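# What the coordinates show
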Amino acid sequence: MNILAIESSCDETSAAVLADGHIRSNIIATQLIHEKYGGVVPELASRAHQQHILPVVERALLDAKVSKNELNAVAFTRGPGLLGSLLVGASFAKALALGLNIPLIEVNHMQAHVLAHFLESPAPSFPFLCLTVSGGHTQLVRIDGPLAMTVIGQTQDDAVGEAFDKSAKLLGLPYPGGPLIDKYAKTGNPLAFRFPMGDMPNLDFSFSGIKTAIMYFLRDNTKTNPDFIQERLPDICASIQHTLVQMLLTKLKRAASETGIRDIAIAGGVSANSVLRSMLLQLGNELGWHVFIPKFEYCTDNAAMIAIAAQFKYEQGDFTDQLVSPLPRMSF
Ligand code: KG4
Ligand code: ZN
């Protein structure tokens, strides 16, 4: 059974082939054009998807040694994401499925981030909790089955990836700044500076307060020393990262204790963060959790996760018709 999956929700054009339950290829074309604008420019993203989609799909099929005629289904990300970007992937997938006369499968991008855990073994067992952290989302999800997920907590304002990226921008670093904060923090002291963590009740998050606090902190310090950022970059990055990771782990701990669930996973672009990964492992050791952290390439946006989500849907005969259109604000 061969599934071709396409991901185009934001600034990565990706195609993957899942053959008999195994990923045979996972091609990702990253759009570097946004770097100089300090964030993804939607119009440029859709144009770049248009340029990339055909070569990316062809490469994925070639690497997998699967021809178009051997495909059993075509899957695509229906949402959430940028409308123009989603349209490129959705239109391509619809046309291909129609031309080949095979089923079309729509996938929710956030559910796919969670299901990326089933690309590797051992996979978590149900029920498990997943902290899904990306540039657009910060969610605590309870997963009772492959397609039975409930959001039990989420951000009320910015996503944590956005907090990383916006902090990086204030430090003069290019987009996406998350990986750069991670890099510069390696030689810094995480306790050099303190930022307010705030406290949302229940399992929800808020990252707008810390962003403002960082802005004032940098403004005040550069007033007295214009070279402050340059001189203290590692310490600043390490302190910001430490605060953001603590905010995430505090809620994850609360969710685990409230639900009694001990299989704990992370997913999404920010789960590539080295300190989040190591502190989660440490916390898991202390609290007796089974911790699941995806392989690096399955953390950030990729089509392999769309393919595995599509396989679960294929097994249940959950197909989409040709009238489907993208849903930029698609919920679970
Ligand atoms: O899941 P993803 O690839 O795209 C979205 O669906 O948003 O996540 C991208 C986000 C960006 O905000 C990026 O800065 C962040 O993930 N990110 C990181 C790291 N690698 C990627 N944030 C912190 N540390 C990292 N190592
Ligand atoms: Zn994502």
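Residues numbered from 1 in each chain as written. Chains lettered and ligands numbered in written order. Predicted model: local features only at pLDDT ≥ 70, side-chain atom pairs only at ≥ 80, totals over all residues.

### A closer look at the sheet that holds strand E3 (residues 22-30)
Pairing within the open sheet is mixed, and its five strands lie in the order E3-E2-E1-E4-E5. Pairing within the sheet leaves two strands with one partner each, and these edge strands are E3 and strand E5 (104-108). Across this sheet, the average inter-strand angle for adjacent strands is 20°, counted without regard to direction. Summarising the sheet, strand E4 (residues 73-79) and E5 pair through five bridges and their orientation is parallel. If you follow Phe76 over to E5, its bridge partner there is Glu106. Seen against the sheet, helix H1 (residues 42-64) touches strand E1 (2-7), strand E2 (12-19) and E3 and runs at an angle of roughly 25° to E2. (Pairing = 2+ DSSP bridges. Helix = DSSP H or I, 4+ residues; strand = E, 2+ residues; numbered from the N terminus. Axes fitted to C-alpha atoms, helices over the stretch in contact; angles between N-to-C directions. Contact = placed C-beta atoms within 7 Å.)

### Concerning the pairing of strand E7 (residues 138-145)
A regular strand places its side chains so that they alternate between the two faces of the sheet. Sheet topology note: the strand E6 (residues 128-133)/E7 ladder contains six bridges and is antiparallel. Among the inter-strand pairings, Leu131 is bridged to a residue of E7, identified as Leu140. Turn length for the E6-E7 hairpin, with the two strands adjacent in sequence and antiparallel, is four residues. Pairing geometry for E7 and strand E8 (residues 148-154), over six bridges, is antiparallel. By the bridge assignment, Val141 is partnered in E8 with Val151. The hairpin turn running from E7 into E8, its antiparallel successor, is two residues long.

### Topic: the UniProt feature "binding site: Fe cation" (unreviewed entry) in the protein chain
UniProt's entry tags His109, His113 and Asp301 with the feature "binding site: Fe cation" (unreviewed entry), counted in the numbering of this structure. The annotated residues occupy 193 residues of the chain but converge on a single region, no pair of C-alpha atoms lying more than 8.8 Å apart. Relative to the helices and strands, His109 resides in helix H3 (residues 109-115). In contact with His109, other than residues within four places in its own chain, are Ser9, Thr77, Gly79, Pro80 and Gly81. (UniProt positions renumbered as here; feature names shortened; annotations may be inferred.)

### Describing the packing of helix H7 (residues 228-259) against helix H8 (residues 274-287)
Where H7 contacts H8, the two axes come as close as 10 Å, and the packing angle between them is 45°. Between H7 and H8, the crossing angle belongs to the class labelled oblique. Seen from above, H7 lies across H8 with right-handed handedness. Residues Gln241, Val245, Leu248 and Leu249 of H7 form the contact with H8, whose own contacting residues are Val275, Leu276, Met279, Leu280 and Leu283. The residue inventory of the contact of H7 with H8, partitioned by class, reads eight nonpolar, one polar and no charged. (Parallel < 35°, antiparallel > 145°, perpendicular 65-115°, else oblique. Left-handed = near helix turned anticlockwise from the far one by under 90°. Nonpolar A, V, L, I, M, F, W, Y, C, P; charged D, E, K, R; others polar.)

### A word on the confidence of the model for the protein chain
Residues of the protein chain with pLDDT of at least 70 account for 100%, and the chain-wide mean is 96. Predicted as a complex, the structure gets a pTM of 0.93 and an ipTM equal to 0.98. (pLDDT = per-residue confidence, 0-100.)

### Quick look at the UniProt feature "binding site: substrate" (unreviewed entry) in the protein chain
The UniProt entry lists Thr132, Val133, Ser134, Gly135, Gly136, Asp165, Gly178, Asp182 and Asn273 under the feature "binding site: substrate" (unreviewed entry), expressed in the numbering used here. Considering the arrangement of structural elements, one finds Thr132 in strand E6. With residues up to four places along the chain from it excluded, the contact list for Thr132 reads Met110, His113, Val114, His137, Gln139, Val141, Ala267 and Gly268. By the secondary structure assignment, Ser134 is in the loop between E6 and E7. Its 25 C-beta neighbours within 10 Å are what place Ser134 among the buried residues. With sequence-adjacent residues up to four places away left out, Ser134 is seen in contact with His113, Ala159, Gly161, Gly268, Gly269 and Val270. (Buried ≥ 20, exposed ≤ 12 C-beta atoms within 10 Å, placed from the backbone.)

### Let's talk about the site of ligand 1
Near ligand 1 you find 18 residues, and of these Ser134, Gly135, Gly161, Gly178 and Gly269 are the closest. Of all the secondary structure elements, the ones that give two or more residues to the shell around ligand 1 are helix H4 (160-170) and helix H5 (178-185). Class assignment for the residues of the shell around ligand 1 results in six nonpolar, nine polar and three charged. Shared between two domains, the shell around ligand 1 holds at least three residues of each, these being domain 1 (2-114 + 299-315) and domain 2 (124-293). (Near = placed C-beta within 6 Å. Domains from an automatic or database assignment.)

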